[in-house]
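Chain by chain, the residues:
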Amino acid sequence: MTIASDSRPRAVALQPPPPAAAPPPVRRTTRLTRNRWGYAYVAPFFLVFGAFSLFPFLYTAWVSLHRTSLSNIDGGTFIGLENYRNLLQSEFFWNAARNTLTIGVLATVPQLCMALGLAHLLNYKLRHRTFFRTVMLMPYATSIAAATLVFAQLFGRDYGLINTALEAVGLERIDWEGGTWSSQIAIAVIVTWRWTGYNALIYLAAMQSIPGELYEAAEIDGASRWKQFLHVTIPSLRPTILFTVVISTIGAVQLFGEPLLFSGNGTTSGGTSGQYQTLGLLMYQQGWSNFHIGQAAATAWAMFMIILVIVGVNAVIGRLRARADR
Amino acid sequence: MATVSFQQATRVYPNSERPAVDALDLDVADGEFLVLVGPSGCGKSTSLRMLAGLEEVDSGSVLIGDRDVTDSPPKQRDIAMVFQNYALYPHMTVGENMGFALKLAGVKKTEIAGRVAAAAKILDLEAYLERRPKALSGGQRQRVAMGRAIVRQPQVFLMDEPLSNLDAKLRVQTRTQIAALVKRLGTTTVYVTHDQVEAMTMGDRVAVLKDGVLLQCAAPAELYDRPANVFVAGFIGSPAMNLVTGAAVEGGVRLGGTVLPVPRDRLARAAAASGRVTVGFRPESLQLVGPGEGFEVVVDVAEHLGSDAYLYTRLAGADPDDALHPADVVVRTEPRSSVVPGQSLWLGVPPDALHVFDPATSQRVD
Amino acid sequence: MTTIALPGTDSTTATPQAAPPVRRSGAKGGTGGRAGRAGPVTYTLLTLSALVSIFPLYWTMVAGSHTNAEIAATPPPFLPDASLFENIGAALEQAPIGLAILNSVVVAGSITVGTVLFCTLAGFAFAKLRFRGKGLLLSLVIGTMMVPTQLAVIPLFMMIAELQWVNQLQAVVLPTLVSAFGVFFMRQYLISALPDELLEAGRVDGASTARIFWSIVVPVARPAMAVLAMLTFLTAWNDFFWPIIALTNSNPTVQVALAGLGSGYVPQRAVIMAGTLLGTLPVLIVFAVLGKQIVGGIMQGAVKG
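Given the structure is predicted, the values throughout are model-derived calculations rather than measurements. (Residues numbered from 1 in each chain as written. Chains lettered and ligands numbered in written order. Predicted model: local features only at pLDDT ≥ 70, side-chain atom pairs only at ≥ 80, totals over all residues. Heavy atoms only, no water.)

### Topic: the overall build of chain B
When helices and strands are tallied, chain B shows nine helices and 20 strands. By its C-alpha atoms, chain B is 75 × 45 × 35 Å across when sized along the principal axes. Counting only residues that meet the buried cut, chain B has 57% of its 366 residues in that class. When contacts within chain B are restricted to residue pairs at least 6 apart in sequence, those whose partners lie at least 24 apart make up 67%. (Helix = DSSP H or I, 4+ residues; strand = E, 2+ residues; numbered from the N terminus. Buried < 20%, exposed > 50% of the residue type's maximum accessible area, 1.4 Å probe, protein only. Contact = heavy atoms within 4.5 Å.)

So this is what it looks like as structure tokens:
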């Protein structure tokens with residue numbers, strides 16, 4: 001044995017955390033066991049969850065293998081994968097998939113970039129901090145329906161405020177709803193307007209959990225503000241960014257209310273030539289306008305598959321980056 | 001009031017090979033203050049939690065009084081517990097915290113109020129009964145946790161490192177207060193700590209655990225004077241006992257270039273297995289002797305603490321290849337001694353201050 | 001040391017509740033990129049962003065309080081006018097917005113109560129209890145967070161058709177009564193805010209499992225329950241896809257009524273805007289009162305998630 005050092009520091013190091021897992025793990029089953037209580041607590045949740053979420057998810061798969069309509073919900077003919085085959089051969093599906101992708105990119109990329117910038121601004125020492133944050137979140141509190149109705153008016157061809165403004169600065173009026181790109185941009189603007197503030201707050205929360213010492217160390221190393229943002233802030237935010245990318249993408253794949261209400265006449269075709277038809281809207285159209293439920297179910301599963309692929313890719317990227325960091 | 005008894009009590013965590021508590025046999029007398037002490041992971045907290053009913057007992061049994069409580073839930077054991085982090089209910093006032101157990105037990109409101117008031121008086125908490133825990137200082141929270149235990153008037157108090165969240169000064173103060181309070185109430189108490197000073201100052205008896213095994217349970221003085229094995233010898237006391245292992249030679253044990261005398265029969269028994277002997281001597285029992293007597297050391301560092309001084313030294317002529325048994329020796333001397341680093345000293349150990357252990361078993365040899 | 005919050009301190013202060021980030025005072029640290037004092041450029045950019053955030057809502061009020069002709073004028077009006085009540089009257093004639101608001105209150109209120117209750121129960125179990133299959137069940141809950149709503153609506157519609165619930169409020173309430181996010185949110189909160197020792201203290205004090213839940217878990221969980229309640233109410237009020245399938249314009253929620261209003265064949269812009277304003281107003285009022293808490297809740301959820 002060596003010199004017994006003073007017992008104080010050792011005592012601190014030895015402080016035993018009583019094994020972190022609280023409720024005792026069970027070997028011998030005794031009356032102390034609280035095992036069954038866990039089920040009692042999750043039971044109400046899983047009853048509702050199972051009946052109205054899990055069961056429908058799976059049943060949709062079953063429906064997608066049938067030719068069935070809304071008026072004939074009990075019956076229907078089993079047709080195997082024909083709905084999926086039809087879907088893949090359908091011009092409507094590919095059009096909707098393309099539109100979903102472009103609107104998704106148009107809505108997500110600028111949205112997250114702006115949110116990042118906004119979070120950076122909100123992270124300064126501010127007067128009226130709460131005011132700015134709350135105002136940024138107002139669009140999130142506005143419903144899709146309300147936001148779309150307002151923006152449909154702002155983007156109106158003849159009397160819309162945006163065209164009026166364009167004209168005032170000497171540009172031409174744009175038929176926002178009629179064109180492919182213009183309509184998709186307009187819808188992307190609605191999505192961006194609603195979600196930028198929300199994502200900014202998420203980034204802000206993540207920024208505030210970065211330890212200040214990191215910035216001080218970078219500053220001592222002579223990093224400029226911009227370099228600090230690039231080399232300290234962004235890398236620290238990477239998990240959060242990945243998270244918001246996934247969430248926004250899942251939201252974008254499901255885009256429905258905006259294209260439904262943007263036309264202003266309640267049709268489900270996504271514009272006269274389907275220029276802003278999305279997968280979510282197509283699925284609704286197949287089921288509730290064309291009453292082809294089996295086809296709609298196949299579309300819903302296709303959407304889920306797309307989401308799975310996206311999430312999977314993101315998970316892989318995240319893991320690779322994490323490994324590269326190690 | 002009641003006795004407490006562990007009988008071959010064993011706890012094995014799932015997914016773990018080694019028992020966290022291995023066949024613990026321990027009897028606590030009625031009204032006794034027993035301290036469980038040991039390093040991290042030694043099973044002291046687990047033992048206490050087995051007694052509390054918060055941890056399963058995989059085999060063996062636990063008794064409170066004459067009652068086998070091995071399978072009883074905590075509430076049927078008539079115990080009260082003070083937790084390391086106090087575990088005060090944050091949304092209840094001090095008074096409500098203290099009275100919660102009585103309320104659950106269906107005690108009449110007036111009686112609860114009376115008992116809470118009495119406990120608050122003892123603990124000097126009367127002014128804080130309406131406050132929430134977060135409005136209290138650390139020391140006050142600690143007292144509320146104590147109060148919550150004493151209003152119950154339980155058969156046994158269980159205390160799990162109740163002082164570890166206090167700063168050093170307050171810890172020393174509270175230590176004496178708790179010991180006095182528990183003495184006064186006369187309630188059987190099992191107290192867990194990692195701090196051997198706390199254990200030695202508070203316990204009627206102290207049980208030292210390591211790796212789930214009870215190594216020695218004895219009164220503090222006994223533990224200090226006659227440690228049963230190398231671990232207890234090194235664990236109890238600060239600075240710790242000097243423990244040196246060397247080859248057994250005629251008349252004693254070889255320390256560096258000299259031979260430290262060890263009584264013949266003890267030497268023979270300790271060295272029987274390995275030919276080597278572990279000797280222990282406390283820093284304060286070393287005496288400066290003239291050159292040629294005892295053994296020689298070289299001073300590395302001298303620490304002056306005011307009331308006394310410690311010399312951190314190294315055996316002169318120690319075998320530099322003996323890396324497993326670096327032979328350093330700590331010596332307590334008079335304060336303001338003129339010893340300087342590099343100086344060489346001769347040390348002697350009085351025969352009655354010498355502890356001898358068998359290095360093969362680590363057990364004491366008398 | 002255990003990393004759990006000191007139980008002696010109130011859980012609201014002991015857990016990193018994001019609402020007011022401490023850093024603002026900036027007394028220490030943060031000379032770096034993050035905590036500098038905002039300059040005029042920052043304020044200008046933020047003010048512009050705030051204007052962009054607010055303008056569409058403001059314009060709803062402006063447009064809703066003019067006649068169609070006035071809105072179409074060049075330059076357009078930028079201040080509210082007197083025709084608001086007239087337009088609201090017209091909107092109420094065209095769409096049952098009064099009924100819709102009542103329905104939305106009932107629907108969002110029931111969903112909020114149910115979600116908070118069930119998710120707190122389940123979140124507690126996932127955070128602090130041990131039972132066989134817990135990990136599997138939890139991954140199931142988390143996994144379904146990325147399943148699109150579209151995947152559920154067809155069987156749901158069949159179910160409510162079977163039960164003759166089409167156009168009835170319970171058709172909207174029941175399927176939305178729990179949320180996977182809510183369970184996850186409550187679990188994350190309770191893991192850190194509720195020390196195990198507090199539950200053990202309850203057991204030693206003689207509390208039954210049910211008693212521990214009501215007397216210890218719920219009080220500790222209250223801040224998170226409030227946040228979850230606000231977020232759930234907001235989401236339920238704004239929910240669109242399922243209500244528009246399950247309900248019709250004869251018994252709508254606000255969103256269904258707005259959709260109906262916007263889909264009229266003769267677009268009466270001022271009336272649509274007045275109706276939109278009316279349907280959005282309740283949320284905006286809630287937001288004006290509780291905005292700070294909602295902001296805090298979202299940021300807190302972000303850190304925990």
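### Description of the packing of aromatic side chains
Across all of its chains, the model carries 38 aromatic pairs over all chains by this definition. On the numbers, 4.7 Å between centres and 20° between planes, the contact of Tyr-140 of chain A with Tyr-198 of chain A is stacked. Of this pair, Tyr-140 of chain A sits in helix H5 (residues 129-141) while Tyr-198 of chain A sits in helix H8 (residues 180-208); the two residues are 58 residues apart in sequence, bridging distant segments of the chain. For Tyr-140 of chain A, a relative accessible area of 11% translates into the label buried. Centroid distance Phe-256 of chain A to Phe-240 of chain C: 5.9 Å. Interplanar angle 45°. Geometry classified as tilted. With Phe-256 of chain A in the loop between helix H10 (225-253) and helix H11 (257-262) and Phe-240 of chain C in the loop between helix H11 (209-238) and helix H12 (241-246), this pair bridges two chains. With respect to class, Phe-256 of chain A is no different from Phe-240 of chain C; both count as buried. Positioned above the aromatic ring of Tyr-224 of chain B is the side chain of Arg-282 of chain B, whose terminal nitrogen or guanidinium carbon lies 3.7 Å from the ring centre. (Phe/Tyr/Trp six-rings, centres within 6.5 Å; stacked < 30°, edge-to-face > 60°. Lys NZ or Arg CZ within 6 Å of the ring centre and 35° of its normal.)

### Some details on the confidence of the model for chain B
Looking at chain B, pLDDT values average 90 and 97% of them are 70 or higher. Reported for the predicted complex are a pTM of 0.83 and an ipTM of 0.83. (pLDDT = per-residue confidence, 0-100.)

### What to know about the pairing of strand E7 (residues 156-160) of chain B
Residues and elements named next belong to chain B. The element E7 is extensively covered by neighbouring structure, given that five of its five residues are classed as buried. Burial along E7 is two-sided: the face carrying Val-156, Leu-158 and Asp-160 and the face carrying Phe-157 and Met-159 are both buried. In terms of strand pairing, strand E6 (residues 79-82) meets E7 through four bridges, oriented parallel. Counterpart to Ala-80 in the pairing with E7 is Phe-157. (Pairing = 2+ DSSP bridges.)

### A short note on the interface of chain A and chain C
Each partner contributes to the interface: chain A provides 108 residues, whereas chain C provides 110 residues. If you look at where chain A meets chain C, you find zero salt bridges. The interface formed by chain A and chain C includes ten residue pairs in polar contact (both at pLDDT 80 or more). Looking at the side of chain A that touches chain C, the element that brings in the most residues is helix H2 (residues 35-63) of chain A, giving 20 residues. The class makeup of the residues in the side of chain A that touches chain C is 76 nonpolar, 23 polar and nine charged. (Salt bridge = Lys/Arg side-chain N within 4 Å of Asp/Glu carboxyl O. Polar contact = N/O pair within 3.5 Å; in protein donor to acceptor, adjacent residues only side chain to side chain. Nonpolar A, V, L, I, M, F, W, Y, C, P; charged D, E, K, R; others polar.)

### Structural notes on the sheet that holds strand E15 (residues 287-288) of chain B
Strand pairing in a sheet relies on backbone hydrogen bonds. The paired strands run either parallel or antiparallel. A sheet is described by the order of its strands in space; here five strands give the open sequence E15-E19-E16-E17-E18 (chain B), paired in antiparallel fashion. What marks the edges here is a single partner per strand, and that holds for E15 and strand E18 (328-333) of chain B.

### Quick look at the pairing of strand E19 (residues 344-348) of chain B
Every regular strand shows the same layout, with side chains that alternate between the two sheet faces. Residue and element names in this part refer to chain B. Most of E19 sits inside the fold, with four of its five residues counted as buried. Where E15 lies against E19, two bridges are found, and the strand directions are antiparallel. Its bridge partner being in E19, Gln-287 is matched across the sheet by Gly-348. Sheet analysis places strand E16 (residues 295-304) next to E19, joined by four bridges and oriented antiparallel.

### Some words on helix H2 (residues 94-104) of chain B
Of all the eleven residues making up H2 of chain B, eight are buried; the element is thus mostly covered by neighbouring parts of the structure. When H2 of chain B is considered as a whole, its buried residues turn out to be Val-94, Gly-95, Asn-97, Met-98, Gly-99, Phe-100, Ala-101 and Leu-102 of chain B. Structurally, H2 of chain B contributes buried residues whose contacts are with helix H3 (109-122) and helix H4 (138-150) of chain B together with H11 of chain C.

### Topic: the packing of helix H9 (residues 180-193) of chain C against H11 of chain C
Residue and element names in this part refer to chain C. For the pair H9 and H11, interaxial distance at closest approach is 10 Å and the crossing angle is 145°. Here H9 runs over H11; the crossing is right-handed. For the pair H9 and H11, contact is made by Phe-181, Gly-182, Phe-185, Met-186, Tyr-189, Leu-190 and Ala-193 and by Val-217, Val-220, Ala-221, Pro-223, Ala-224, Met-225, Val-227, Leu-228 and Leu-231, respectively. Per-class residue counts for the contact of H9 with H11 are 15 nonpolar, one polar and no charged. (Axes fitted to C-alpha atoms, helices over the stretch in contact; angles between N-to-C directions. Left-handed = near helix turned anticlockwise from the far one by under 90°.)

### Structural notes on unusual backbone geometry
The omega torsion across Ser-238 of chain B and Pro-239 of chain B is -10°, close enough to zero to call that bond cis. Note on placement: Pro-239 of chain B falls in the loop between helix H8 (230-235) and strand E11 (242-249). Although it is not a glycine, His-128 of chain A adopts a positive phi angle of roughly 55°. Mapping His-128 of chain A onto the fold places it in the loop between helix H4 (91-122) and H5. A positive phi angle, close to 70°, is found at Asn-167 of chain C, a residue other than glycine. Along the chain, Asn-167 of chain C turns up in the loop between helix H7 (150-162) and helix H8 (169-173).

### Section: the confidence of the model for chain A
Per-residue pLDDT for chain A averages 82, and the proportion of residues at 70 or more is 87%. Of the regions scoring below 50 in pLDDT, residues 1-33 of chain A engages in 86 contacts with residues more than four places distant in sequence or in other chains.

### Here's the deal with helix H12 (residues 279-289) of chain A
Residues and elements named next belong to chain A. Judged by how many residues are buried, H12 sits mostly within the fold: ten of eleven residues are covered. For H12, every residue scored as buried is listed here: Leu-279, Gly-280, Leu-281, Leu-282, Met-283, Tyr-284, Gln-285, Gln-286, Gly-287 and Trp-288. At the exit of H12 stands Phe-291, carrying a positive phi of roughly 60°.

### Side note on the packing of helix H5 (residues 97-128) of chain C against H9 of chain C
Residue and element names in this part refer to chain C. The N-to-C vectors of H5 and H9 enclose an angle of 50°; their axes lie 7 Å apart at closest approach. Comparing the axis directions of H5 and H9 gives the class oblique. Note that H5 runs across H9; the crossing there is right-handed. Contact residues: Cys-119, Thr-120, Ala-122, Gly-123, Phe-124, Phe-126, Ala-127 and Lys-128 in H5; Gly-182, Val-183, Met-186, Arg-187, Leu-190 and Ile-191 in H9. Across the contact of H5 with H9, the residue classes break down as nine nonpolar, three polar and two charged. (Parallel < 35°, antiparallel > 145°, perpendicular 65-115°, else oblique.)

### Some details on the domain arrangement of chain B
Assigned domains within chain B: domain 1 (4-227) and domain 2 (239-357). Inter-centroid distance (C-alpha atoms) of domain 1 of chain B to domain 2 of chain B is 40 Å. (Domains from an automatic or database assignment.)

### Regarding the pattern of salt bridges
Throughout the structure, instances matching the rule amount to 20 salt bridges over all chains. For Asp-205 of chain C, the salt bridge is made with Arg-152 of chain B, and the minimal N-O distance between the two is 3.3 Å. Separated into two different chains, Asp-205 of chain C in the loop between helix H10 (196-204) and H11 and Arg-152 of chain B in the loop between H4 and E7 make up a pair that spans both. Of the two residues, Asp-205 of chain C and Arg-152 of chain B, neither departs from the other in class, the shared state being buried. Taking the shortest distance from any N to any O, the salt bridge between Arg-314 of chain B and Asp-300 of chain B comes out at 3.1 Å. Here Arg-314 of chain B, found in strand E17 (residues 309-315), pairs with Asp-300 of chain B, found in strand E16; they are 14 residues apart in sequence, far enough to count as distant. Looking at Arg-314 of chain B, the relative accessible area reads 39%, which means it is partly exposed. Each of Arg-11, Arg-49, Glu-55 and Asp-58 of chain B together with Glu-200 of chain C takes part in one network of salt bridges that share partners.

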